[in-house]
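# Residue-level structural notes
Single-letter residue listing:
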Amino acid sequence: MSFVVARDIFQSYGTRPILQRVNVTVEEGEFISIVGASGCGKSTFLRLLLAQERPTRGEIRVAGAEPAEEPGRDRGVVFQRYSVFPHMTVRDNIVAGESFRTRWGMFSGAAKRAARDRADETLRRIGLDHVADQYPATLSGGMQQRLAIGQALTAKPRILLLDEPFGALDPGTRLSMHDFLQDLREETGMTVFMVTHDLEEGFKLGDRVLVFDKPRWDPHDPNAYGATITYDFDARDGGIPFQRIKEDTHVFRPA
Ligand SMILES: Nc1ncnc2c1ncn2[C@@H]1O[C@H](COP(=O)(O)OP(=O)(O)O)[C@@H](O)[C@H]1O
Ligand SMILES: [Mg+2]
C-alpha cells in the first residue's frame, strides 16, 4: 500500500465546491510539486494533508493509518509567510526546530553542545551563521523565511508540506535553499509536497508535478465546479517534458 493515499476527496466551503474527485497515491520519499492557478485549492489540499481540516468527503490515509484527526509531529509545514519564535535567537529557533520543545530545556551538557553545533551547521548552510545570536525581528523578510525553512527542515518530519516557500526569496538565495532542501531530503528520505508558482522549480525539485485545474468550467457560474488533478507529470531526471521557451513562457512538452 502506498504511503499517502488521497481517495475521492471533495472539499467545499458552504455550497461552493473547491476540490472534487481528487485521487492520488504517493510513495514514501517522493517529492511532489503542485502547480495550478491562484485560488484553485492548492493550499486547501495542503491543509487536508496536514489534517488541519477534514475533507467534506473522501479520506486521506498516511502509512495505512486511519485518517488523522489533527496535525501531528509527523507532518511539518512551511507557509509562504511563516512566523518564527520572536522571543528566541536565530540559533535557538533552529534548536527548537530540532526538538520542537522549548529552548534548551531538554538538553544538558554534551547534548546541548551537540545540538548547538548542529544548529550552527544548519545556519551556515542557510547563510545565517553571522546572525545566530540576533532575534528574528532584526532580520530581513527573506532571512526570516530562510530561518523558518531551516527550522521546519531541521525537525525532519516524515511529511514536509511547503506552500510557496521560496516565492519571496531572491534568485541566489532560492538556489541555495534548493540545495539545502535536496540535501536534507536525501539524508532523511522525507516525503515532500511543495506548492509553487514556478514551474521550473517544480520540475527541478519534484519527482512528480501535479497540476490542479478545473476539469469543467461553466461561464455563467465560474464557481460551479471544483478543481482536480488534471496532470501528473513524471519529473525525474530533470523533468524531460518541461522546457522553458523564453522568460515568463512555460510550455509543457509531453514526453
Ligand atoms: N476556510 C475557507 N472558507 C471559505 N473559503 C475558503 C476557505 N479556504 C479557502 N477558501 C476558498 O477556496 C478557494 C481555494 O483557496 P486556496 O486553497 O487558498 O487556493 P490556492 O492555494 O490554490 O491559491 C479560494 O477561492 C478561497 O477563497
Ligand atoms: Mg495558496
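Below is a summary of the structure that appears in this document. The residue numbering used here restarts from 1 in each chain and proceeds along that chain's sequence as written. Whichever chain is written first is A, and whichever ligand is written first is 1; the rest continue in order. Reporting of local features is limited, given that this is a predicted model, to residues whose pLDDT is at least 70; pairs of side-chain atoms are given and counted only at 80 or more, and all residues count toward the totals for whole chains, interfaces and linings. Only hydrogens and water are removed before side-chain values are computed, so all heavy atoms of the structure are retained for them.

## Re unusual backbone geometry
- One non-glycine residue, Asp8, adopts positive backbone phi at about 50°.
- In this structure, Asp8 sits in strand β1 (residues 4-13).
- Categorising residues by exposure relies on relative accessible area from a 1.4 Å probe, with only protein chains included: less than 20% of the type maximum marks a residue as buried, more than 50% marks it as exposed, and the intermediate range marks it as partly exposed. According to the relative accessible area criterion, Asp8 is partly exposed, its value standing at 34%.
- The phi dihedral of Arg21 is positive, around 45°, even though this residue is not glycine.
- Mapped onto the elements of the fold, Arg21 is located in strand β2 (residues 16-26).
- Note on Arg21: relative accessible area 53%, which makes it exposed. Helix and strand definitions here come from DSSP, where helices need a minimum of 4 consecutive H or I residues and strands a minimum of 2 consecutive E residues; each element is numbered from the N-terminal end.

## Points about the side chain of Thr191
- Looking at where Thr191 falls in the secondary structure, it is placed in strand β7 (residues 191-195).
- Polar contact criterion, stated in full: a pair of N or O atoms within 3.5 Å, where within protein one must be able to donate a hydrogen and the other to accept it, and residues adjacent in sequence count only if both atoms are side-chain atoms. Among the polar contacts listed, one links the side chain of Thr191 to the backbone nitrogen of Gly29, at a separation of 2.8 Å.
- When sequence neighbours within four positions are dropped, the list of residues in contact with Thr191 reads Phe3, Val26, Glu27, Glu28, Gly29, Glu30, Arg158, Ile159 and Leu160. Whether two residues are in contact is decided by their heavy atoms: any pair within 4.5 Å suffices.

## Notes on the sheet that holds strand β4 (residues 57-62)
- The sheet built from 3 strands is open, its strands ordered β2-β1-β4 with antiparallel pairing. Two strands close off the open sheet at either side, each with one partner strand: β2 and β4. Neighbour-to-neighbour, the strand axes of this sheet turn through a mean angle of 20°, independent of strand direction.
- If DSSP finds at least two bridges between two strands, the strands pair. Bridge count for β1 against β4 is 5 bridges, and the pairing is antiparallel. Only the stretch in contact is used when fitting a helix axis, every axis being a line fitted to C-alpha atoms; angles between N-to-C directions are given from 0 to 180 degrees.

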